[in-house]
Amino acid sequence: MPSSRAAFTLLALLAGASLAAQTSPVPSGGATEVTVTGSRVGAQLRPVTVISGAELRALPVTDTATALSYVAGVDLRERSPFGGQADVNLFGSTFEDVLILVDGFPVNDPQTGHHDLELLPPLEAIDRIEVLEGPAAATYGPGAFGGVIQIITRRPSRAPSGEASILRGDYGLTRGGALGQASGLLAAGSLLSTTGFRPDTEERNGQGFVRALVGSLDLEAGFQDKRFGAWQAYSDAFPDEWEAVRGGFGRLLWTGGPWQFVGGFRHKSDHFILDRQHPGWYDAFHSTDGLEGQLTRRLSLPGGAAIVGIEGARDSIASNFLGHHSRSRAGLFGEGFWRWGRTSLDAGLRVESLQGTTRGMPQLTISRALSADWSGFLSTGRSFRLPSFTELYSYSPAYAGNPRLSPETAWETQAGFKGRAGRTAEAVSLFYRDGSDLIDFVRRAGTTDPFVARNVQHLETTGLLAQASGPLGKGFDWIFSTTLLTQSTAWPARLESRYAGDTVRHREVAGLTYRGSRLTASLFVRAWQRLDQDGHGELDASLRWSPPGTSHLGLFAEGRNLTNHPDLNFYGGEGPGRWLWAGVSLR
């Protein structure tokens, strides 16, 4: 679409004056626990953006991953509006740099960050989403380079209840979902299919999730079976691609007084065809497995609290193109929190061992209450990220890995304010990241050679994140947010990058929601501009209504990109335009 820099600049200036909010976690579905993603000891000194269950139900989304596109600071690169495949970036990071947690258990894929969102539970099972922008390696380990996204599922209730929905929409879109719970057991599932907005964009996706509370044990398991046309997902030279991703995870959480153990497994199989017209030419099969366990103990300290723990993990891959590889790591970590009057301090340190190499990752956050409603904070920390198996070992006509890659490292500092002005919640923060040995796929400029993975960048990123939200009265609420980014890099001469030009310069989200006794309606504007593209904006809407005489039946109509302006993918091809759907729900 034509460039609209003046409009985006005005929107950014308005956003910087007061923008989109930090919301406190609001457990639903009978939940009593509160998870604070920003800290293991419960010290929420850094801003954590939260989408509550009520807010999720007002969004025009059908899957958990797509809901992230409405979060401040999150850049979601979608290949369809329904989670066909999506990459998630935080604060100018790449899709490899974000840690994804489901109830505290990491579900990132060691093969490639393109699959990090593949094992999320269906939307019916989600209680809320918490997003921490910025490094959290001292708390969560090497995956939390650019930030953490934690999916909190609904806590099973003892009383029996259930819900179901079905919808139909453009391009053959059909989706059905259901959830039931009783006696501390919850089960949810969904099935979605669409013929796609153009050839080679069809999708079929089945998801399931179970969570059970048994004494001091909290057990859960999830699975997904997805097949989709991956048009221009990885290559412009071979755009007619296809992929099938199947996998699942299991997690066990045990709590005994000050002790807690969480452990589990992940498994995923990936079948990828580079050219559907010649499927036997590059027909790749990958299978990845992961095991992770963590034991922690809480401690009381004079004026505060602490938590110490030990963690171990092992990842492996078996592939006809990437080979058979595995790696293990172990870590010791601790975090302490102290408060003296208006001043609070949260300090953490992790020591991580990986195949004979030891690294230390510190994190320090200081917060000061400026008034009854406002506080300021300053945070600094070090993080690192391990190369994916694809970056290390891949080889295809489009890409080649590099087994000599070093981990990415970075120091990051954040400073900002959060609080309330009347009924408006506000948060604003500035951040600076100094990254070294950043990994990219590059090739000689002006050639059609395969992209090769290299540690090529020393990248400095500076940004502003501002958020605000509040009620307007008579059932109306509003949100507004902006993310502004600048980057400076020492880039090798005569090299063309696969990902450098895809970084967001700015991104805004503005929303208006009405909640009445029988009617819920929302209208959202999402706007952004990338380094190598013109500005882009989309308008989304949702309308939900319960007929008189019933509290169990609901009708809804929703749409994404109502102005019908397709965004561009990595290679300049058009993404989906307007997409409408309608359905019925029962509670």
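Residues numbered from 1 in each chain as written. Predicted model: local features only at pLDDT ≥ 70, side-chain atom pairs only at ≥ 80, totals over all residues. Heavy atoms only, no water.

### Here we look at the sheet that holds strand S7 (residues 147-153)
Ordered by their spatial adjacency, 5 strands build an open sheet running S1-S6-S7-S4-S5, and the pairing between neighbours is mixed. The outermost strands of the open sheet, each flanked by one partner alone, are strand S1 (49-51) and strand S5 (105-106). With 7 bridges connecting them, strand S6 (residues 126-133) and S7 associate as antiparallel partners. For Ile126, the partnering residue across the bridge sits in S7 and is Thr153. (Pairing = 2+ DSSP bridges. Helix = DSSP H or I, 4+ residues; strand = E, 2+ residues; numbered from the N terminus.)

### A word on the environment of Thr201
With respect to the element layout, Thr201 can be found in the loop between strand S10 (185-194) and strand S11 (203-214). For Thr201 and Ser80, which are 121 residues apart along the polypeptide, the C-alpha to C-alpha distance reads 7.9 Å. If we skip the residues at most four places from it in the chain, Thr201 touches Thr195, Gly196, Gly229 and Trp231. Within the local environment of Thr201, its side chain forms a polar contact with the backbone oxygen of Arg198, the two atoms lying 2.5 Å apart. (Contact = heavy atoms within 4.5 Å. Polar contact = N/O pair within 3.5 Å; in protein donor to acceptor, adjacent residues only side chain to side chain.)

### A closer look at the pattern of salt bridges
Applying the stated criterion to the full structure yields 36 salt bridges. Between Glu311 and Arg329 there is a salt bridge, and its shortest N-O distance comes to 3.1 Å. Taken together, the positions of Glu311 in strand S16 (residues 304-319) and Arg329 in strand S17 (residues 323-340) put the pair 18 residues apart, joining distant regions of the chain. Taking relative accessible area as the criterion, Arg329 reaches 17% and is therefore assigned buried. The partner of Arg560 in a salt bridge is Asp540, with the nearest N and O atoms 3.7 Å apart. Placement of Arg560 in strand S30 (residues 553-560) and of Asp540 in strand S29 (residues 536-545) is noted, with a sequence separation of 20 residues between them. For Arg560, a relative accessible area of 4% corresponds to the buried category. (Salt bridge = Lys/Arg side-chain N within 4 Å of Asp/Glu carboxyl O. Buried < 20%, exposed > 50% of the residue type's maximum accessible area, 1.4 Å probe, protein only.)

### A word on a nonpolar patch on the surface
Judged by side-chain polarity, Leu252, Trp254, Trp259, Phe261, Leu295, Ile310 and Leu332 come together as a nonpolar surface patch covering roughly 590 Å² of accessible area. For the nonpolar patch, the secondary structure elements donating two or more residues are strand S13 (242-256) and strand S14 (259-273). Along the chain, Trp254 falls in strand S13. (Patch = residues over 30% accessible without salt bridge, like charges linked within 9 Å, V, L, I, M, F, W, Y side chains within 5 Å. Areas by Shrake-Rupley, 256 points an atom, 1.4 Å probe, with all protein chains shown as cover.)

### With respect to the pairing of strand S22 (residues 408-421)
Every regular strand shows the same layout, with side chains that alternate between the two sheet faces. By the bridge criterion, 12 bridges tie strand S20 (residues 374-385) to S22 in an arrangement that is antiparallel. Looking at S22, one finds that Gly381 is bridged to Glu412. Where S22 meets strand S23 (residues 424-444), 13 bridges bridge the pair, whose relative direction is antiparallel. Note on S23: the bridge partner recorded for Phe417 is Val428. The antiparallel hairpin formed by S22 and S23 contains 2 residues in its connecting segment, where Gly422 sits at a positive phi of about 65 degrees.

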